[in-house]
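So the chains spell out like this:
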Amino acid sequence: MSTTTTRTVPGPAPAEPAKARPRRGLRGSRTVAFWLFAAPFLIGLTVFVYVPIGWSLYLSFFEARFTVTPSDFVGLDNYRQILSDTHFTGSLVTFTVFAAFIVPTTWALSLGLALLVNRLRFMRAFYRSVFFLPTACSYVAASLVWKMSLFNGVRFGLANTVLGLFGVDNIAWLANPDPPWYWLVIITARLWLQSGFYMILFLAALQNIPQELYEAAAIDGAKRGWQTFRYITLPQLRATSTAVVLLLLVAAYQAFDEFFNLLSKTTWGRPPLVELYYTALGQDQNYGKGSAGAVVLTVLICVVTLFQGRIMGFGRGEESK
Amino acid sequence: MSAQSSTWDRRSILRAAAGLAAAGSLAACGGNNGRGDGSGSGKQLVQYFHAYGEAGTEQAIKRYAQAYTKADVTTQWITGSNFESKLFASLLTDQAPDLFEFHPQIQLVRSGQVADLTDIIEPVKSDFNQADIQSHTVDGKIYGVRMIDDPQFFFYRKSMLEKAGVEPPQTLDELIEAAARLTTSKVKGLFLGNDLHAVINPLIWSAGADTLNEKNEIAYHTDGVVEGLRKMRKLFTSGDLLLDAPADFWDPSALNQGLCAIQFCGMWAMPQFQQTLGDDLGIMPFPKVGDAGRPSVYNGGWSMFVNAKGRHVDAAKEYVKWLWIDQKKYQEDWATSYGFHIPPRTSIARSTDKLKSGLPAEGVQLFNEYGHFDNIGWTQAMITATENVFADCVRKGGDPEAALDRCDKTVNAELKKLFG
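The structure displayed is predicted, hence computed values, not measured ones.

**A look at the overall build of chain B**
Summing up its helical and strand segments, chain B has 18 helices and 11 strands in all. The proportion of buried residues among the 420 residues of chain B is 56%. Put simply, 74% of the contacts in chain B that link residues at least 6 apart link residues at least 24 apart. When the accessible surface of chain B is split by element, carbon and sulfur atoms take 50% of a total near 17900 Å².

**Looking at helix α4 (residues 77-84) of chain A**
Residue and element names in this part refer to chain A. The complete set of buried residues in α4 reads Asn78, Tyr79 and Ile82. Seen along its axis, α4 keeps its buried residues to an arc of 95°; they face one direction. The outward face of α4, more than 90 degrees from its buried face, is lined by the exposed residues Arg80 and Ser84. Tucked inside the fold, the buried residues of α4 contact α3 (30-59), α5 (86-119), α14 (272-281) and α15 (287-312).

**Regarding the confidence of the model for chain B**
All names here are of chain B. Put simply, chain B has an average pLDDT of 89, and 90% of its residues get 70 or more. Below a pLDDT of 50 lies the segment residues 1-8, which in the model reaches one contact outside its immediate sequence neighbourhood of four places, other chains included. Under a pLDDT of 50 for its full length, residues 19-40 has, in the predicted model, 15 contacts with residues more than four places off or in other chains.

**A word on unusual backbone geometry**
Leave glycine aside and you will find that most residues have negative phi; peptide bonds, for their part, are mostly trans. The step from A:Asp178 to A:Pro179 runs through a cis peptide bond, and the omega angle for that step is -10°. Looking at the element boundaries, A:Pro179 is found in the loop between α8 (158-165) and α9 (182-208). In this model, B:Asn216 sits at a positive phi of 55°, which is unusual for a non-glycine residue. Looking at the secondary structure, you find B:Asn216 in the loop between α9 (200-206) and α10 (223-237). The class of B:Asn216 is partly exposed, set by a relative accessible area of 22%. Here the phi dihedral of B:Asp244 falls at roughly 55°; this positive angle occurs in a residue that is not glycine. Summarising the element assignment, B:Asp244 is placed in the loop between α10 and α11 (253-256). On the basis of relative accessible area, B:Asp244 is assigned to the buried category, the value being 9%.

**Focus: the UniProt feature "transmembrane region" (unreviewed entry) in chain A**
Here the UniProt-annotated "transmembrane region" (unreviewed entry) positions come out as residues 32-53, 92-117, 129-146, 181-206, 237-256 and 287-307 of chain A. Taken end to end, residues 92-117 of chain A is 100% helix and 0% strand, and its two terminal C-alpha atoms sit 36 Å from one another.

**Looking at the interface of chain A and chain B**
Contact residues are listed per partner, giving 27 residues for chain A and 30 residues for chain B. With both sides pooled, the region where chain A packs onto chain B buries about 2500 Å², and carbon together with sulfur makes up 53% of that total. Here chain A is connected to chain B by three salt bridges. Scanning the region where chain A abuts chain B turns up seven residue pairs in polar contact (both at pLDDT 80 or more). Its residues assigned to classes, the side of chain A that touches chain B comprises 14 nonpolar, eight polar and five charged.

**Quick look at the packing of aromatic side chains**
Counted according to the given criterion, the structure contains 48 aromatic pairs over all chains. Where A:Phe256 meets A:Tyr277, the ring centres are 5.4 Å apart and the plane angle is 65°; that geometry is what we call edge-to-face. Taken together, the residues span a long stretch of sequence, with A:Phe256 in the loop between α12 (238-253) and α13 (257-262) and A:Tyr277 in helix α14 at a distance of 21 residues. Judged by centre distance (6.3 Å) and plane angle (90°), the rings of B:Tyr64 and B:Trp334 are edge-to-face. Note that B:Tyr64 is positioned in helix α2 (residues 57-67) and B:Trp334 in helix α14 (residues 328-336), a separation of 270 residues in sequence.

**A short note on the nonpolar core**
Membership of the largest hydrophobic core comes to 137 residues, with the highest contact counts inside it found for B:Leu192, B:Met232, B:Ile262, B:Trp324 and B:Trp334. Here the element with the most residues in this core is helix α13 (residues 313-326) of chain B; it accounts for eight residues. Each of domain 1 (43-150 + 299-373) and domain 2 (151-295 + 380-419) of chain B gives at least three residues to this core. Aside from chain neighbours lying at most four places away, what touches B:Leu192 is B:Phe154, B:Val199, B:Met232, B:Leu235, B:Leu241, B:Phe249 and B:Phe264. Membership of the second largest hydrophobic core comes to 56 residues, among which are A:Val185, A:Val244, A:Leu262 and A:Leu297.

**Some remarks on the pairing of strand β6 (residues 145-156) of chain B**
Residue and element names in this part refer to chain B. Across the 12 residues of β6, 12 count as buried, placing the element largely inside the fold. When β6 meets strand β10 (residues 297-306), the two strands line up antiparallel, connected through seven bridges. Within β10, the residue paired with arginine 146 across the bridge is serine 303. Taken together, the five bridges between β6 and strand β8 (residues 260-266) define a ladder with antiparallel strand orientation. Following the sheet pairing, tyrosine 156 is matched in β8 by isoleucine 262. In the sheet, β6 pairs with strand β9 (residues 282-284) via three bridges, with the strands oriented antiparallel. Along β9, the bridge assignment pairs phenylalanine 155 with isoleucine 283.

**Some points on helix α8 (residues 172-182) of chain B**
If you check which residues of α8(B) are buried, you get B:Leu172, B:Leu175, B:Ile176, B:Ala178, B:Ala179 and B:Leu182. Around the axis of α8(B), the buried residues are gathered within 160° of arc, so they sit on the same side.

**Here we look at the side chain of B:Asp408**
Residues and elements named next belong to chain B. By secondary structure assignment, the location of aspartate 408 is in helix α18 (residues 400-419). No salt bridge is formed by the buried aspartate 408; its nearest oppositely charged neighbour, lysine 409, is found at 9.9 Å. Within the local environment of aspartate 408, its side chain forms a polar contact with the side chain of tyrosine 220, the two groups lying 2.7 Å apart. With residues up to four places along the chain from it excluded, the contact list for aspartate 408 reads Ile218, Tyr220 and His221.

About the criteria used
- Residues numbered from 1 in each chain as written.
- Chains lettered and ligands numbered in written order.
- Predicted model: local features only at pLDDT ≥ 70, side-chain atom pairs only at ≥ 80, totals over all residues.
- Heavy atoms only, no water.
- Helix = DSSP H or I, 4+ residues; strand = E, 2+ residues; numbered from the N terminus.
- Buried < 20%, exposed > 50% of the residue type's maximum accessible area, 1.4 Å probe, protein only.
- Contact = heavy atoms within 4.5 Å.
- Areas by Shrake-Rupley, 256 points an atom, 1.4 Å probe, with all protein chains shown as cover.
- Arc of directions from axis to C-beta.
- pLDDT = per-residue confidence, 0-100.
- UniProt positions renumbered as here; feature names shortened; annotations may be inferred.
- Buried area = accessible area lost by both parts, 1.4 Å probe.
- Salt bridge = Lys/Arg side-chain N within 4 Å of Asp/Glu carboxyl O.
- Polar contact = N/O pair within 3.5 Å; in protein donor to acceptor, adjacent residues only side chain to side chain.
- Nonpolar A, V, L, I, M, F, W, Y, C, P; charged D, E, K, R; others polar.
- Phe/Tyr/Trp six-rings, centres within 6.5 Å; stacked < 30°, edge-to-face > 60°.
- Core = buried A, V, L, I, M, F, W, Y, C linked by side-chain atoms within 4.5 Å.
- Domains from an automatic or database assignment.
- Pairing = 2+ DSSP bridges.
- Lys, Arg positive; Asp, Glu negative; His and termini not counted.

Below, the structure is given as structure tokens:
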């Protein structure tokens, strides 16, 4: 945004000597260059983000079954329906439980991995790559591996084989919701997929901490280990931690793939996106109600993100360090 | 020097990668829409099939299409377990298939989604299984051509039952008891599929109830069904049921790999069962539930429908007529060469030797004696509602009455929409 204002500032921008050979016309104008670079992104953003959000908002006020160009205006009916739908409100609870688990565990695990990798004297690049690799795996592929080989219910599933060594009976990890073993399957899959990426973020931040701080602390008599971690490393990682928690929360809100693939045909363990998928694209094809739910969810995400930014000071730049 | 050249290397690699990605996605766009540019010979038709599990089925469907000269028919072979949602979603778009296989469901007729096929079926109507004609008829018009009938029942290992001293169960109680006695440390007694949804309708019928009655009112909410649901919950929690198997009920793997002694499956998998287990194989219907019940078999199957909102309705109808009415050779091949299915055409069923003796003949007998066909008024939304009943009170231990009440609400809303 701020870049656009520079076009009204005539003076300092063209630092080239006046005699410079006239190049191709396009390069002459910074405005054109700006739009050339920014336009593809802006067009993409408009077409794939803002238009759909706007369209959802529009659809949410209509009775729209089996159509995305409805004509039957129903006002706030869809909102009334979605907010009194116990499945939808239940899905918000499911999400909260899920986020309460996954955000702290991923944060802790990726920080732990980063600390370990950072301490390595050799083969650091190898371990960094090894831990990062799962990030490249698709959620669907990982869910299938988790479902069909690690956590299947038969005696030759990996988890059941290991338990079998201790004489524990086979467990139906996904089919039987009591006890809710499915959470274990979902959380481990997501941990495996995500931790490596956030580990890289932490690793970069760790390497940015000035060594002098540790040296000074050592002179002051701080013991290596918990004390330096608690009073130097952790505070220095504050900005990164905030960003990681925020990203994790957003990722948790977007949870869909592994729930959809691991828990098909259930009435439990559905986060909001899965619930909305079944509302809008199930056999009802109720786009109106689905859109109302999407709008409610969007508002919730905005509120939570702003609130979190307030508390943790995300985006306040230097001040937050 | 070296630093610079390595930057260049990186850049060119990146550029190449980006180029590849772009080309890849473009190619994917070009290849996936299932439609050519219309420059081929005649019309371009697209048909949707769910992925059949038997080897050779995809090639067969494509081979039949190849043999058709009047249009260029492209097949989309839809893998995954949610064929219906993919089908319904694509029917809304302009990438919708011109023809597709599905089950008869009245909402497709009411919304004008499927074309009236009466004119192509009428001349051979008497050659069809009349139950199949009836299940595709709304107000005297016939909306789909049945390709195959697929009875679903239990397959069991005779040797295992003998060893455990168990007779083939006649009631649900006996089935539960048999499952317990057949379960060992290595083998589970019974497999009903991972979500148990395949036995919902059989349970309803075996309890002497039905999905809907003739007046299209709810007929499944009876004391017998409630009792059946309670028993299913007992079975689910007994530890004698195989759960979370790598392959679901429609695949013969569970019984063939020795994971269970009795498996619910369909006639389609009979050749694979026989190949692996030989004579150590018996079949039986879903046993009766309570005293008022009667054993039942779900005569499922697949039918061809024409998308009435598609661009080439007449060409699609012509293709359906050519393949599923006229080409009896292909119809017989489709029904008996891969899995076993019962041909809905009586003339073909009579002439097919493969189903005349042994276990296949027993399967045909179960189909005739205990079979229940689709009710066209029983739609996907109602099916999902009953699946939720199973999820809530069999897999999750809720109260069956409460679950059925919730189901009633959904089904009644749906019935009101469809029948007023």
